Amino acid sequence: MDNEIVQFINENKVATVCCAADNVPYCFNCYYSFIEQDGLLVYKSSFGTKHEELLKKNRVVGGTIIPEAIEVAVIKGIQYEGILADDSIEVTMKASASYYLKFPFAMTVPGKLYAIELLNIKFTDNTRGFGFKQHWKK
């Protein structure tokens, strides 16, 4: 993955995740951490959410990451596609370490960690020229 993309993902902390099942689309925002070597976005979700139910039926997701403050002339952002990673012990251990190091307060909040395996990224960076796009595919 290109250094500029990795740097952008690491500089930010909130992602929008979009999912759909049974012809029902749904989007949610979440804090995330990033495991660069595995291309995983990790987020924590409360139990019994609508998106948890939809993701049980269809693990394919899309989403965005943008900075908290946006200036149109110098906007940067990511659009991504991915799939919910399996709940293996290895992924769970890496996800826990990554997420709780970035958000230690989240240890006190009930919920479950999930990891999204990134498959495709489009990075827009208008600081490098209006409409500049950089693509990455696994």
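For the structure itself, look to the data block above.
What you see as residue numbers is a count from 1 along each chain, following the sequence as written. In keeping with the model being predicted, local features are shown solely for residues with a pLDDT of at least 70 and side-chain atom pairs are shown and tallied solely at 80 or more, while totals for entire chains, interfaces and linings include all residues. For the side-chain quantities, the full set of heavy atoms in the structure was used; hydrogens and water were omitted.

Chemist: Hey, could you run me through the packing of aromatic side chains in this one?
Modeler: Think of a pair of aromatic rings as described by two things: how far the centres are apart, and how the planes are tilted against each other in angle. Only centres within 6.5 Å qualify two rings of Phe, Tyr or Trp (six-membered ring in Trp) as a pair; their planes then separate them into stacked at under 30 degrees, edge-to-face at over 60, and tilted for everything else. Here the structure, examined in full by the defined rule, presents 8 aromatic pairs. Ring plane angle 85 degrees and centroid distance 6.4 Å describe the contact between Tyr31 and Phe105, whose orientation is recorded as edge-to-face. Of this pair, Tyr31 sits in strand β2 (residues 24–35) while Phe105 sits in the loop between α3 (89–102) and β6 (112–125), and the two are 74 residues apart along the sequence. Whether a residue is buried, partly exposed or exposed follows from its accessible area with a 1.4 Å probe, protein chains only, as a fraction of its type maximum: under 20%, in between, or over 50%, in that order. Phe105 gets classed as exposed once you look at its relative accessible area, which sits at 51%. With a centroid separation of 5.4 Å and an interplanar angle of 20 degrees, the aromatic rings of Tyr43 and Tyr114 are classed as stacked. Taken as a pair, Tyr43 in strand β3 (residues 40–45) and Tyr114 in strand β6 lie far apart in primary sequence, 71 residues in all. What makes Tyr114 buried here is its relative accessible area of 9%. Where helices and strands are cited, they refer to DSSP runs of H or I of at least four residues and of E of at least two residues respectively, numbered from the N terminus.

Chemist: Honestly, unusual backbone geometry in this entry has me stumped. Any pointers?
Modeler: Most peptide bonds adopt trans geometry, and most residues besides glycine take a negative phi value. Although it is not a glycine, Asp22 adopts a positive phi angle of roughly 50 degrees. What makes Asp22 exposed here is its relative accessible area of 57%. Positive phi, normally seen in glycine, also occurs at Asn23, with a value near 65 degrees. Within the secondary structure, Asn23 is located in the loop between β1 (14–21) and β2.

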